[in-house]
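# Geometric and topological summary
Here's the letter readout for the chains.
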Amino acid sequence: MSDFRISADAIDQAAELAALEDAASGAAVCFCGRVRNHNEGRVVVRLEYECYEELAVSEGARVLAEARERFGASRVLCVHRTGDLAIGDAAVWVGAAAAHRNEAFAAARYVIDEVKKRVPIWKREHYPEGPAEWINAAPSEA
Amino acid sequence: MRVRIDYFAVLRERAGTAHETLDTGAATPRELYRELRERRPLPPETGLKVAVNDEFRHWDWALADGDRVAFMPPVAGG
């Protein structure tokens, strides 16, 4: 199984953390991105994620390989959700294991930042009132 | 030349479809997107991304018969 995965089901964070186990790694850092109840001043009631899975998996795997190379992390994993998510649900989980903490923190930080910039996943916010909106949607034609 | 086109997120909604197959003379994704915009209420290409056969490509990549061309809005994961 690839170290970067797209999941339509809830992320099992305990299982992901267990997958980071490595006798040579003294540090394991995990980051969990969760659905929050507000964005840019608006109340958010739920989120919907869509992805281009073939490209998301290949680009995500490139990000993980870069994190291992740049920071010397021994094991780096990422899972990203698709589908309908409620407030508080885990949308993305990143784990990095390395010999020491600095490398593990740096690798985890790199992965979440690059995934947000590069991996073809889109979110749509739903509000108490009014139509749902895609985030970072391309500008409308004037 | 026949290509398969995929639209994602807001582009899928604008296009009114997730996929279509088109006979086209477009040599590049840029030309193809211009042709599609004549028929569908798609936004300008600024800021959009394109992939050909599941790899990110630039807008002037040479298209071939049977290619799968995907048009995407700016990513917004995490």
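Here we summarise the structure given alongside this text. (Residues numbered from 1 in each chain as written. Chains lettered and ligands numbered in written order. Predicted model: local features only at pLDDT ≥ 70, side-chain atom pairs only at ≥ 80, totals over all residues. Heavy atoms only, no water.)

### Digging into the pairing of strand β8 (residues 90-98) of chain A
Residues and elements named next belong to chain A. To keep things clear, this is the line we draw: Here the term buried applies to any residue with accessible area under 20% of the maximum for its type, exposed to any over 50%, and partly exposed to those in between, with areas from a 1.4 Å probe on protein chains only. Put simply, DSSP H or I for four residues or longer makes a helix, DSSP E for two residues or longer makes a strand, and each gets a number counted from the N terminus. Here, a strand pair is defined by DSSP locating no fewer than two bridges between the strands.
Of all nine residues making up β8, nine are buried, and the element is well covered by its neighbours. Here strand β2 (residues 27-34) runs beside β8; their pairing, made up of eight bridges, is antiparallel. Along β8, the bridge assignment pairs A27 with A98. With six bridges joining them, strand β6 (residues 75-81) and β8 adopt antiparallel strand pairing. Counted as the bridge partner of V79 is W93 from β8.

### Let's talk about the interface of chain A and chain B
For clarity, the cut-off: Residues count as neighbours in contact if any of their non-hydrogen atoms are within 4.5 Å of one another. The quantity reported as buried area is the accessible area (1.4 Å probe) lost by two parts once they are put together, taken as the sum for both. Whenever a carboxyl oxygen of Asp or Glu lies within 4 Å of a side-chain nitrogen of Lys or Arg, that contact is scored as a salt bridge. Throughout, the ten residues Ala, Val, Leu, Ile, Met, Phe, Trp, Tyr, Cys and Pro are labelled nonpolar, Asp, Glu, Lys and Arg are labelled charged, and all others, Gly among them, are labelled polar.
Contact with chain A, which involves 28 residues of that partner, is made by 24 residues of chain B. Of the roughly 2300 Å² buried at the junction of chain A and chain B (both faces included), carbon and sulfur atoms supply 55%. Across the contact surface, chain A and chain B share four salt bridges. Note that E55 of chain B is salt-bridged to R62 of chain A, the shortest N-O span being 3.6 Å. Mapped onto the side of chain A that touches chain B, the elements with two or more residues apiece are β5 (46-51), α2 (53-71), α3 (101-118) and β9 (121-126) of chain A. Take the side of chain A that touches chain B: its biggest share by element is five residues, from α2 of chain A. Among the residues making up the side of chain A that touches chain B, the classes are represented as 14 nonpolar, four polar and ten charged.

### Quick notes on the sheet that holds β5 of chain A
Judged by pairing direction, the sheet is antiparallel, and its four strands sit side by side in the order β7-β5-β9-β10 (chain A) without closing on themselves. Strands at the two margins of the open sheet, each flanked by one partner only, are β7 (83-86) and β10 (133-134) of chain A.

### Some thoughts on α2 of chain A
Residue and element names in this part refer to chain A. Just so we agree on the cut-off: Expected helix span is taken as 1.5 Å per residue step, with the number of steps being one fewer than the number of residues. The arc in question is traced by the directions running from the helix axis to the C-beta atoms.
In this model α2 runs 27 Å from its N-terminal to its C-terminal C-alpha over 19 residues, within 8% of the 27 Å that 1.5 Å per residue would give. Along α2, the residues classified as buried are L55, A56, E59, G60, V63, L64 and A67. Down the axis of α2, the buried side of the element spans an arc of 165°, and every buried residue falls inside it. Where α2 ends, the next residue or the one after it, G72, has phi of about 65°, a positive value.

### Focus: the environment of P128 of chain A
Residues and elements named next belong to chain A. Relative to the helices and strands, P128 is located in the loop between β9 and β10. Between the alpha carbons of P128 and G95 there is a distance of 33 Å; along the sequence they are 33 residues apart. If we skip the residues at most four places from it in the chain, P128 touches V43 and V45.

### Considerations on the side chain of H126 of chain A
Residue and element names in this part refer to chain A. Quick reminder of the rule: Side-chain atoms alone can form a polar contact between residues adjacent in sequence; in general such a contact is a pair of N or O atoms within 3.5 Å, and within protein one must be able to donate a hydrogen while the other accepts it.
Along the chain, the position of H126 falls in strand β9. By relative accessible area, H126 is classed as buried at 12%. In terms of polar contacts, H126 uses its side chain to reach the side chain of E48, at 2.7 Å. When residues no more than four places from it in sequence are discounted, the contact partners of H126 are V43, V44, V45, R46, E48 and A132.

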